[in-house]
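Commentary on secondary and tertiary structure
The residues making up each chain are set out below.
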Amino acid sequence: MENLPLTSNVRKNDLPNKPSTSYQAVKQVKKLTERNVGISSDDDMIDITTSGTMTERTLNQRSPINLPGSGETEDIPGIGQYEDFHTIDWQRDIARDRMRHRYILRRKKNSFIDLIKSAHDAWSGWLCVLLVGLVTGTVAAIIDIGTSWMSDLKFGICPQAFWLNMEQCCWSSNETSFELDKGNCSQWFYWSEIMTSSNYGPFAYIVSYLFYIAWALLFAALAAGLVRMFAPYACGSGVPEIKTILSGFIIRGYLGKWTLLIKSVGIMMCVSAGLSLGKEGPMVHIASCIGNILSYLFPKYGRNEAKKREILSAAAAAGVSVAFGAPIGGVLFSLEEVSYYFPLKTLWRSFFCALVAAFVLSSINPFGNEHSVMFYVEYHRPWMFFELIPFIGLGIIGGVIATVFIKCNIKWCRFRKTSILGQYPVMEVLLLTAVTAILSYPNPYTRMGTSQLIYLLFSQCDVSSNDGLCDYTNDKANVAGPGVYTAMLLLSMAFVLKLVTTIFTFGIKVPCGLFIPSLAMGGITGRIVGILMQQLAAKHPHLWFFDNSCGLPGQEGCITPGLYAMVGAAAVLGGVTRMTVSLVVIMFELTGGVRYIVPLMAAVMASKWVGDALGKEGMYDAHIQLNGYPFLDSKEDIVHTALAADVMQPRRAENLNVLTQSSMSLEDTEILLKDTEHNGFPVVVSRESQYLVGYVLRRDLQLALENAKRTIDGLLPESLVLFTDITQQVMPPPLKLKKILDMAPITITDQTPMETVVDMFRKLGLRQTLVTHNGRLLGVITKKDILRYIKQVDNEDPSSVLFH
């Protein structure tokens, strides 16, 4: 076949020109693959010859838009942007950035100013993630300080300095040690002391109880009211939405300044209200808001949605870093759990961003201790090999608990969406807060903050401990006294309350995280199992599986209950989120227990296997499915038996809405836009031939028509809309829109297996692909069509996919 120039116009009888479009699509995929495997390709710009290759000038001409910063004027404002609740075109945005980068490199030798611009473009990504890390660390410190102060405000106040929490208030006095439960801190006053001049007796207890409930209701009402009035997107965890946004979905306002402000204030109030939720999950949303806002300081990222997601991935890593004091775990969390597109340079920048955020947080030191970790543990006894059996048992228990929690929560959230309860979100929050506060106060383990409870469960008993968990009858702390069994009963009741209240709490219209309640439930389970193992070793030290390691003269107990609490916490959290590698790293960064990586790995893997066997997806993926977000999971394996022709729209017997390259008038084009809701239109040679020329986005076409009406004189309804170059004179003067035409859309044939199509959408991040047969256009497959097809394969309702 004769080689024709790739830039020649497709006319009705130019059949040899059709393979050039397919060739360009194949070459685009090939170049992307080469970049992904690290091949340095300098032939992106091929010198033109008569054999049909492409020059850089031709490549720029074929660009669907004029690029900001490329030295050309963007004639039509808004071209290249996306509407709300739409999917981005990864290939288009990456190509735009590549062309912008080429232009800057070409110009840098022209002058010193261009050289400075080139250098700024090179390090702007590092500067952006530096700013994100600095701001995220500062915001996290403010949230930690505010949460601590408001949580203690439910119990009392420091009259001499009301802005200090209980611990800081007592530090400000000359007393070097104090026991808060016994009232040895003279600077701190409980509400019962202020109201009744006594901290003991039934009346004092009732006063403290009422103040506890009143403060909880006040904080919850403020949080729910702020979310409802100013930032509806500030509710929930935010992680499911962040995963969807990072996969290429647009949700305007979800990462805006109002969401950042209200979520930061609201999460402090919700945690202080005593609701069964945590602030760690929302920190990912807060950090992503910071990353989105700061990215607009750098047009390279602010104007390009695909590039912006590199900053958002780094911000998500910084959010976990400051939430737990775990920078390495934060990077792995972003890689494993939330990010969809994670190239190597994003990995480096995420690590740098998480490092800066953790450094800022530790410098401010909101916890007031010498450790940057949240629950520092210092176990001196090594674990024994036989303990892997109870550790794996904890993993199995954690997987079962997580499955029960996920299924119950999803059912309740679905009921909330379809019932009258969903119409009164503030009343639901207040009712849930009142019930939680009333049931939590009598139990000391639910009355305290959840983070304080986890720290208590992880900690090791010493001589100074006065909690019932450490009521041992001997100095070796291995024979339990009556206080330990009472504490186990109270912990069992606390577990039930935490499980039930978290099921109803996660998903209400206030900021609410999932990490801390999951850690608490797992920590309670693990501590109880650890105490049982400890008593077994204390009473039967000569059993064969203890290997004579327990019960030797002068030897302390060989079982550490706090270690079991740590393993149990990881097991439940792993079952709820389905995290593996990142969770193990977060746990040993969270506690400092590096020597216990193997028990953590065993429990987490057992929990994930059990969770996957009992339920298909984790909590975040379940909420993505519940809300109908267009998220195409790259980790999910599906058996495909259909062909592209079976999934494409429209079906073979139906008409396809298209644009023609040179035979449609302005009026015809406007009627097509009015009568259809498609996000884009294929451009063909003519309605009779249906040979493909290119693809035009609906938004770009609308903006181009509006701009033409506003700026071009003499434009009539019968004026032709041309997507090709013509030399002859046409009256009335035509409207030329070739600049918005994508002349190299990704195409497939109607016989392409759906396995290949789904892999293309996952790995190339496609928004749509065109289906052809012998060069003739048959239909279009969009990302929404892929999601509906997957729903059908799973025997689910395809209409649950809500957005474009």
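Residues numbered from 1 in each chain as written. Predicted model: local features only at pLDDT ≥ 70, side-chain atom pairs only at ≥ 80, totals over all residues. Heavy atoms only, no water.

Looking at the overall build of the chain
How we decide: For the purposes of this entry, the term helix denotes a DSSP run of H or I that reaches at least four residues, the term strand denotes a run of E that reaches at least two, and both are numbered from the N terminus. The buried label goes to any residue with under 20% of its type's maximum accessible area, the exposed label to any with over 50%, and the partly exposed label to all in between, with areas taken from a 1.4 Å probe on protein chains only. In what follows, residue pairs with any heavy atoms lying within 4.5 Å of each other are defined as contacts. Every accessible area reported is derived by Shrake-Rupley at a probe size of 1.4 Å, with residue values counting cover from the shown protein chains alone.
Of regular secondary structure, the chain possesses 29 helices and 11 strands. Here the chain holds 804 residues, and the buried ones make up 56% of them. A sequence separation of at least 24 residues applies to 73% of the contacts in the chain between residues at least 6 apart. Of the roughly 35000 Å² of accessible surface on the chain, 61% is carried by carbon and sulfur atoms.

With respect to unusual backbone geometry
At the junction of Gln649 and Pro650, the peptide bond is cis and its omega measures out at -5 degrees in the coordinates. Along the chain, the position of Pro650 falls in the loop between helix H25 (644-647) and strand S3 (659-660). At Phe85, a position not held by glycine, the phi torsion is positive, near 60 degrees. Note that Phe85 resides in the loop between helix H2 (56-61) and helix H3 (90-107). For Phe85, a relative accessible area of 26% corresponds to the partly exposed category. Phi angles above zero are rare outside glycine, and Arg578 is one such case at about 65 degrees. Mapped onto the fold, Arg578 is located in the loop between helix H21 (561-577) and helix H22 (581-591).

Notes on the pattern of salt bridges
Stated precisely, the cut-off is as follows: One speaks of a salt bridge when a side-chain nitrogen belonging to Lys or Arg is within 4 Å of a carboxyl oxygen belonging to Asp or Glu.
Tallying each qualifying case throughout the model produces 20 salt bridges. Two residues, Glu305 and Arg252, come together in a salt bridge whose shortest N-O distance is 3.7 Å. You can see Glu305 sitting in helix H12 (residues 305-324) and its partner Arg252 sitting in the loop between helix H8 (239-246) and helix H9 (257-272), a full 53 residues away along the chain. Here Lys279 makes a salt bridge to Glu280, at a shortest N to O gap of 3.6 Å. Like Lys279, the residue Glu280 is buried in the burial classification. Connected through shared salt-bridge partners, Asp97, Arg100, Asp121, Lys307, Glu310 and Arg349 make up one network.

Here we look at the nonpolar core
Generally speaking, a soluble globular protein has its nonpolar side chains buried in company with each other. Condition: Buried residues of nine kinds, namely Ala, Val, Leu, Ile, Met, Phe, Trp, Tyr and Cys, make up a nonpolar core once their side-chain atoms join them within 4.5 Å.
Membership of the largest hydrophobic core comes to 138 residues, with the highest contact counts inside it found for Phe324, Phe333, Tyr445, Phe458, Leu519 and Met587. It is H21 that provides the largest number of residues to this core, a total of 11 residues. With sequence-adjacent residues up to four places away left out, Met587 is seen in contact with Phe458, Leu519, Met566, Ala570 and Leu600.

Concerning the sheet that holds strand S10 (residues 768-773)
This is how the line gets drawn: Strands qualify as paired when DSSP identifies two bridges or more between them. Axis definition: a line fitted to C-alpha atoms, limited for helices to the stretch in contact. Angles are taken between N-to-C directions and run from 0 to 180 degrees.
Read from one edge to the other, the open sheet built from 3 strands follows the order S9-S10-S11, with strand pairing classed as mixed. The strands lining the two open edges of the sheet, one partner per strand, are strand S9 (747-749) and strand S11 (776-782). Strand-to-strand twist across the sheet, computed as the mean angle between neighbouring axes with direction ignored, equals 35 degrees. Taken together, the 3 bridges between S9 and S10 define a ladder with parallel strand orientation.

Observations concerning the state of the cysteines
We apply this condition: Cysteine sulfur atoms that pair up within 2.5 Å are treated as a disulfide.
Following the criterion strictly, the structure yields 1 disulfide and no others. Two residues share a disulfide in this structure: Cys158 and Cys169, whose sulfurs sit 2.1 Å from each other. Here Cys158 and Cys169 share a disulfide; its torsion about the S-S bond, 70 degrees, makes the bridge right-handed. You can see Cys158 sitting in the loop between strand S1 (156-157) and helix H5 (166-171) and its partner Cys169 sitting in helix H5, a full 11 residues away along the chain. A relative accessible area of 2% means that Cys158 is categorised as buried. You can call Cys169 buried: its relative accessible area is 0%. Lacking any disulfide linkage, Cys353 is separated from the closest cysteine sulfur, that of Cys128, by 8.4 Å.

Some details on the packing of aromatic side chains
Note on aromatic pairs: each is described by the distance of the centres and the angle between the planes. To be explicit about the condition: By convention, a stacked pair of Phe, Tyr or Trp rings (six-membered ring in the case of Trp) has centres within 6.5 Å and planes under 30 degrees apart, an edge-to-face pair has planes over 60 apart, and any other such pair is tilted.
Overall, the coordinates contain 20 aromatic pairs when judged by the stated rule. With a centroid separation of 6.0 Å and an interplanar angle of 75 degrees, the aromatic rings of Tyr205 and Tyr209 are classed as edge-to-face. Highlighted residues: Tyr205 and Tyr209, both in helix H7 (residues 202-230), separated by 4 residues, approximately one helical turn. Using a relative accessible area of 35% as the deciding quantity, one classes Tyr205 as partly exposed. With 5.3 Å between their ring centres and 40 degrees between their planes, Phe324 and Phe515 make a pair best called tilted. Note that Phe324 is positioned in helix H12 and Phe515 in helix H20 (residues 515-539), a separation of 191 residues in sequence. The exposure class of Phe324 is buried, given its relative accessible area of 2%.

Examining the sheet that holds S3
Taken together, the 3 strands give an open sheet; going across it, the order is S3-S5-S6, and neighbouring strands pair in mixed fashion. For this open sheet the edge positions go to S3 and strand S6 (692-697), each flanked by a neighbour on one side alone. Examined bridge by bridge, S3 and strand S5 (residues 680-684) share 2 bridges and lie parallel to one another. By the bridge assignment for S5, Leu659 is matched with Val683.

Thoughts on the side chain of Ser686
Under the convention used in this document: Under this definition, polar contacts are N or O atom pairs within 3.5 Å; protein pairs additionally need one hydrogen-donor-capable and one acceptor-capable atom, and for neighbouring residues in sequence, both atoms have to be side-chain atoms.
With respect to the helices and strands, Ser686 occurs in the loop between S5 and S6. Note on Ser686: relative accessible area 10%, which makes it buried. In terms of polar contacts, Ser686 uses its side chain to reach the side chain of Ser689, at 3.1 Å.

A short note on a nonpolar patch on the surface
Counted only if it meets this: What makes a patch is a set of residues exposed beyond 30% relative accessible area and free of salt bridges, joined within 9 Å when like-charged and within 5 Å when nonpolar (Val, Leu, Ile, Met, Phe, Trp, Tyr).
A surface patch of nonpolar side chains, about 380 Å² in accessible area, is lined by Ile392, Ile396, Val400, Val404 and Leu614. Element by element, the count of residues in the nonpolar patch is highest for helix H15 (residues 388-418), at 4 residues.

Thoughts on the side chain of Arg309
Relative to the assigned elements, Arg309 resides in helix H12. Only 2.6 Å separates the side chain of Arg309 from the backbone oxygen of Ile245, close enough to count as a polar contact. When near neighbours in sequence (up to four residues on either side) are disregarded, Arg309 contacts Ile88, Trp90, Ile245, Leu246, Gly248, Phe249 and Ile250.

Observations regarding the packing of helix H13 (residues 327-338) against H22
To keep it simple, the criterion reads: An angle below 35 degrees is treated as roughly parallel, one above 145 as roughly antiparallel, one from 65 to 115 as roughly perpendicular, and anything else as oblique. In this scheme the crossing of two helices becomes right-handed for a clockwise turn of the near helix relative to the far one and left-handed for an anticlockwise turn of less than a right angle. Nonpolar residues are Ala, Val, Leu, Ile, Met, Phe, Trp, Tyr, Cys and Pro. Charged residues are Asp, Glu, Lys and Arg, and all others, Gly as well, are polar.
With their axes 8 Å apart at the nearest point, H13 and H22 run at an angle of 165 degrees to one another. Judged on the interaxial angle alone, H22 and H13 are roughly antiparallel. In the crossing of H13 with H22, the sense of the turn from one axis to the other is left-handed. Two secondary-structure elements touch here, H13 through Pro327, Ile328, Gly329, Leu332, Phe333 and Glu336 and H22 through Val581, Ser582, Val585, Ile586 and Glu589. Of the residues assigned to the contact of H13 with H22, the class counts are 7 nonpolar, 2 polar and 2 charged.

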